[in-house]
Amino acid sequence: MKKRLFVVLFYSGLIIMFTGCLSFLDVFKQNDKPVNNPDNSQNKSNTAPAEIAAEIAVSDPTVKTTSLLNLALGYNITIKNTAALPIEKGVCSYSIKLKDGNSVFTNGVELNQLITRDSSANIFLPGDILFSNIYKIVTDLKQRSSLELVLDGSIDLYSGSISKKYTFNKSSSVSVPKTPKITAGKFVVTNLDFLSAEFGFEIFIDNPNSFAIQTTPYYSVNFDTSPIVSAGSSEGITAQPGTVTKTVIPLKVNFMTLAASLLSKKSFTVNFTGGVNYDSYAGKEDDKLAITDAFNIPQFPSVKLIDVPVKSSVTPPSLKVSVVMEFTNPNAFAVDIPGMSLKLKSDGKDVISLNVSTPVHIEGKGKANSTIPIELDPKKFVKGLAGKFSVSLDTQVKSLVGAGVVTNHYELKL
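Report on the accompanying structure. (Residues numbered from 1 in each chain as written. Predicted model: local features only at pLDDT ≥ 70, side-chain atom pairs only at ≥ 80, totals over all residues. Heavy atoms only, no water.)

### Regarding the packing of aromatic side chains
1) Next: In the structure shown here, the tally under the stated rule is eleven aromatic pairs.
2) Next: Residues Phe199 and Phe295 carry aromatic rings whose centres are separated by 4.9 Å and whose planes lie at 65 degrees to one another, so their mutual orientation is edge-to-face. Placement of the pair is Phe199 in strand β10 (residues 196–207) and Phe295 in strand β16 (residues 283–296), with a sequence separation of 96 residues.
3) Next: The class for Phe295 is buried, based on a relative accessible area of 1%.
4) Next: When the ring of Phe201 is compared with that of Phe272, the centres are 4.5 Å apart and the planes differ by 25 degrees; the resulting orientation is stacked. Here the residue Phe201 occupies a position in strand β10, and Phe272 occupies one in strand β15 (residues 267–280), the gap between them amounting to 71 residues.
5) Next: Since its relative accessible area comes to 1%, Phe272 is described here as buried.
6) Next: The structure contains a cluster of three or more aromatic residues connected by ring pairs, namely Phe187, Phe199, Phe201, Tyr219, Phe223, Phe268, Phe272 and Phe295. (Phe/Tyr/Trp six-rings, centres within 6.5 Å; stacked < 30°, edge-to-face > 60°. Helix = DSSP H or I, 4+ residues; strand = E, 2+ residues; numbered from the N terminus. Buried < 20%, exposed > 50% of the residue type's maximum accessible area, 1.4 Å probe, protein only.)

### Describing the side chain of Asn271
1) Next: Within the element layout of this structure, Asn271 appears in strand β15.
2) Next: A distance of 3.3 Å separates the side chain of Asn271 from the backbone oxygen of Asp224, its partner in a polar contact.
3) Next: A distance of 3.3 Å separates the side chain of Asn271 from the side chain of Thr292, its partner in a polar contact.
4) Next: Dropping the residues within four chain positions of it, Asn271 is found in contact with Ser220, Val221, Asn222, Asp224, Ile291 and Thr292. (Polar contact = N/O pair within 3.5 Å; in protein donor to acceptor, adjacent residues only side chain to side chain. Contact = heavy atoms within 4.5 Å.)

### With respect to unusual backbone geometry
Apart from glycine, the bulk of residues carry a negative phi angle, and the bulk of peptide bonds sit in the trans form.
1) Next: One non-glycine residue, Asp118, lies in the positive phi region at around 65 degrees.
2) Next: Examined against the element boundaries, Asp118 turns out to sit in the loop between β5 (103–111) and β6 (120–130).
3) Next: A positive phi is found at Asp347, a non-glycine position, where the angle reads about 55 degrees.
4) Next: Looking at the element boundaries, Asp347 is found in the loop between β21 (339–346) and β22 (349–356).

### Side note on the sheet that holds strand β7 (residues 146–159)
1) Next: Spatially, β5-β4-β7-β8 is the arrangement adopted by the four strands of the open sheet, whose pairing is antiparallel. Edge strands, defined here as strands with exactly one partner in the open sheet, are β5 and β8 (162–175). Put simply, the sheet's adjacent strands are angled 15 degrees from each other on average, direction ignored.
2) Next: Looking at chain direction, strand β4 (residues 89–98) and β5 are connected through eight bridges and run antiparallel. Within β5, the residue paired with Tyr94 across the bridge is Asn107. (Pairing = 2+ DSSP bridges. Axes fitted to C-alpha atoms, helices over the stretch in contact; angles between N-to-C directions.)

### Regarding the sheet that holds strand β9 (residues 181–192)
1) Next: Read from one edge of the open sheet, three strands run β9-β10-β14, paired in antiparallel fashion. Each edge of the sheet is formed by a strand with only one pairing partner; in this case those strands are β9 and β14 (243–254). Across the sheet, the mean angle from the axis of one strand to that of its neighbour is 20 degrees, orientation sign disregarded.

### Looking at the pairing of strand β2 (residues 62–65)
1) Next: Of the pairings in the sheet, the one linking β2 to strand β3 (residues 70–81) comprises four bridges and is antiparallel in character. Paired with Lys64 across the two strands is Ala72, which belongs to β3.
2) Next: Linkage of β2 to β3, two consecutive antiparallel strands, is achieved through a turn of four residues.

This is the structure in structure tokens:
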């Protein structure tokens with residue numbers, strides 16, 4: 001009985017011990033396994049460090065050259081956010097350099113715009129450059145048609161306390177403005193009469209650029225060796241863009257102020273010397289000009305007595321005389337003779353004196369005839385008119401510019 005009880009208790013103890021070991025192993029294995037948390041992956045993503053990610057694109061420059069001195073250009077920087085983290089701010093610093101590395105412009109701009117994922121924002125980078133500064137480095141700038149510039153910069157993007165730096169670089173070619181070509185034209189007479197003349201000196205300014213250029217002419221004029229005027233143009237000349245601008249520098253001369261030695265000639269030499277000033281990147285430019293030409297002094301028309309026909313009758317008593325004259329104008333401009341004083345002579349004796357108000361118009365380098373009819377009292381000329389006729393004539397020549405009239409005396413023989 002005791003032996004049987006001992007066996008039962010012994011095996012019961014073994015079973016309890018075996019069961020206890022199994023339970024202990026299950027607990028150990030359970031603690032060794034990871035916790036099955038359905039939100040484990042999400043929590044791990046939330047705690048991972050966030051970064052700024054962006055794509056930076058630089059455009060070709062827009063160029064707007066407004067003068068021979070200044071180069072105005074600008075670049076567009078496009079910033080595209082490629083991450084979930086929003087970009088809140090950007091600080092950009094940049095430099096525009098020559099190809100050899102010499103910097104000609106530096107600047108900085110800021111971006112204060114929220115850029116969410118897959119959105120973009122633009123920054124404009126202006127550049128105002130003095131061509132004169134470039135000319136100090138590139139001494140053969142006048143001989144170049146274009147110039148290579150390099151944009152070099154960086155931009156810091158921020159999202160809260162997180163930041164990231166991006167660098168960019170862009171090479172491009174810009175046109176170099178050309179200095180204008182200035183040439184002298186010819187000497188022209190714009191208005192002329194027997195008392196005064198208005199001259200003109202042509203100047204041509206060929207401006208190949210897309211902007212206007214302000215120029216200032218200076219000049220001096222002399223007739224033969226006699227100085228007449230020395231002055232500069234206060235208003236200046238604006239050379240229009242992309243075209244040839246023609247201007248005429250005027251000069252008015254009163255013949256009464258000229259020396260008698262000049263007026264005794266049929267012509268004299270006109271000398272125009274001077275130049276045109278303008279500002280460029282190479283400094284104050286000075287293009288020299290010279291125009292030399294002959295000026296023909298106005299001449300009075302020549303007059304020729306062509307005929308003096310005489311018609312007479314007894315019944316009714318009548319005696320009519322006509323004076324036929326031919327006028328020749330040696331000038332290039334038209335001449336008007338509004339009237340004349342005439343004396344008709346026969347064999348040196350005065351026949352009649354009268355004032356004639358019949359006008360005569362003579363074109364430049366042209367001729368015109370004038371017939372003056374005269375009716376005489378036949379009782380005073382019983383024996384009629386005989387011998388050679390002559391005419392003493394004073395013509396009144398009208399001024400073309402309203403300066404009055406001038407007269408000239410002629411003695412004509414048939």
